[in-house]
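Now for the letters of each chain:
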Amino acid sequence: MEPFETIDPRSFVDKLNRKDLGDSLIIDVREPMEWDYYHLDEASLIPMNTIPGRLAELPRDRTLYIVCAHGVRSANVCYYLREQGYEDVINVEGGMAAVSSLRGFQYD
């Protein structure tokens, strides 16, 4: 059994488009330069290396969807959060690369 849940990019985008994420939070763990290129307006940027110092910003009583560029850093953050006692963390598989292809982002 996996220590955290995952969601495939299509299911995640469908939930996002239907506004079916409830009071959950989307945490983007990419670097600011990656965020500036494109990001979800619904997400909060907390780069992976800053997570340990910013745990107080992450509520333990809400679902946290963790997203990065391709799903690797976000998986590492999910492992870390589970170790810190967070129960409801979900890794967005494929990261923003997959989400952006489904969401139709415009690039500057």
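Everything that follows concerns the structure shown earlier in this document.
Along each chain, residue indices are assigned from 1 in the same order as the chain's sequence is written. Since the coordinates come from a predicted model, pLDDT governs what is reported: local features require at least 70, and pairs of side-chain atoms require 80 or more to be given and counted, while whole-chain, interface and lining totals use all residues. Neither water nor hydrogens contribute to the side-chain values; these are computed over all heavy atoms in the structure.

Q: Before we go on, may I ask you to explain the sheet that holds strand S5 (residues 89–92) in this structure?
A: Strand pairing within a sheet occurs via backbone hydrogen bonds; the two strands may be parallel or antiparallel. In this scheme, strands are said to pair when DSSP sees at least two bridges between them. Working definition: helices are DSSP H or I runs of at least four residues, strands are E runs of at least two. Numbering for both runs from the N terminus. A sheet is described by the order of its strands in space; here five strands give the open sequence S1-S5-S4-S2-S3, paired in parallel fashion. In this open sheet, the two strands that pair with only one neighbour each are strand S1 (5–7) and strand S3 (43–45). Geometrically, the sheet is characterised by an average inter-axis angle of 30 degrees between neighbouring strands, direction not taken into account. With three bridges joining them, strand S2 (residues 25–28) and S3 adopt parallel strand pairing. Following the sheet pairing, Ile 26 is matched in S3 by Ala 43. When checking whether two residues touch, look at their non-hydrogen atoms; a contact exists if any pair is within 4.5 Å. Axis lines are fitted through C-alpha atoms, for helices just across the contact stretch, and the angle between N-to-C directions can take any value from 0 to 180 degrees. Across the sheet, helix H1 (residues 9–17) lies against S1, S2, strand S4 (64–67) and S5, angled at about 80 degrees from S1, the strand it touches most.

Q: For this particular structure, what's the right way to read the packing of H1 against helix H4 (residues 95–103)?
A: The relative placement of two packed helices is expressed as an angle between their axes plus a distance between the axes. In contact at an axis separation of 9 Å, H1 and H4 are set at 55 degrees when each is read in the N-to-C sense. On the basis of their axis angle, the class for H1 and H4 is oblique. For H1 against H4, the interelement crossing comes out right-handed. Along the contact surface, H1 presents Pro 9, Arg 10, Phe 12, Val 13, Leu 16 and Asn 17, while H4 presents Ala 98, Val 99, Leu 102 and Arg 103. Along the lines of polarity and charge, the residues of the contact of H1 with H4 split into seven nonpolar, one polar and two charged. To sort the angles, those under 35 degrees are grouped as roughly parallel, those over 145 as roughly antiparallel, those from 65 to 115 as roughly perpendicular, and the leftovers as oblique. Less than a right angle of anticlockwise turn of the near helix away from the far helix marks a crossing as left-handed, whereas a clockwise turn marks it as right-handed. Side-chain classes follow a simple rule in which Ala, Val, Leu, Ile, Met, Phe, Trp, Tyr, Cys and Pro form the nonpolar group, Asp, Glu, Lys and Arg form the charged group, and the remainder, Gly included, forms the polar group.

Q: Any chance you could explain the side chain of Ser 24 here in plain terms?
A: With respect to the helices and strands, the residue Ser 24 is situated in the loop between H1 and S2. Classification of Ser 24 as buried rests on a relative accessible area of 13%. Pairing of N or O atoms within 3.5 Å defines a polar contact, subject to two protein rules: one partner must be a possible hydrogen donor and the other a possible acceptor, and residues neighboring in sequence count only if both atoms are side-chain atoms. There is a polar contact of 2.5 Å between the side chain of Ser 24 and the backbone oxygen of Leu 21. The contacts of Ser 24, once residues within four sequence positions are left out, are Arg 62, Thr 63 and Tyr 65. Only protein chains enter the accessibility calculation, which uses a 1.4 Å probe. A residue is then buried if its area is under 20% of the maximum for its type, exposed if over 50%, and partly exposed in between.

Q: Where do I start with the packing of aromatic side chains in this structure?
A: Aromatic rings considered in pairs are described by the distance between their centres and by the relative angle of their planes. When the centres of two rings from Phe, Tyr and Trp lie within 6.5 Å, Trp using its six-membered ring, the rings pair. Their planes under 30 degrees apart give stacked, over 60 give edge-to-face, and anything left gives tilted. Going through the model one piece at a time under the given rule, you end up with three aromatic pairs. Centroid distance Phe 4 to Tyr 79: 4.8 Å. Interplanar angle 85 degrees. Geometry classified as edge-to-face. A residue pair is termed long-range when its members are at least 10 positions apart, and Phe 4 in the segment before S1 and Tyr 79 in helix H3 (residues 72–83) qualify at 75 residues. Judged by its relative accessible area of 42%, Tyr 79 falls in the partly exposed class.

Q: Can you help me understand unusual backbone geometry in this one?
A: If a residue is not glycine, its phi is most likely negative; likewise, a peptide bond is most likely trans. Unlike most non-glycine residues, Lys 19 shows phi in positive territory, near 55 degrees. If you trace the backbone, Lys 19 turns up in the loop between H1 and S2.

Q: Which parts of the structure should I look at to understand the pairing of S4?
A: On a regular strand, one side chain projects to one face of the sheet and the next to the other, so that they alternate. Residues Leu 64 and Ile 66 of S4 are buried on one face, and the alternating residues Tyr 65 and Val 67, pointing to the opposite face, are buried as well. Where S2 lies against S4, four bridges are found, and the strand directions are parallel. Paired with Ile 26 across the two strands is Tyr 65, which belongs to S4. With three bridges connecting them, S4 and S5 associate as parallel partners. By the bridge assignment, Tyr 65 is partnered in S5 with Ile 90.

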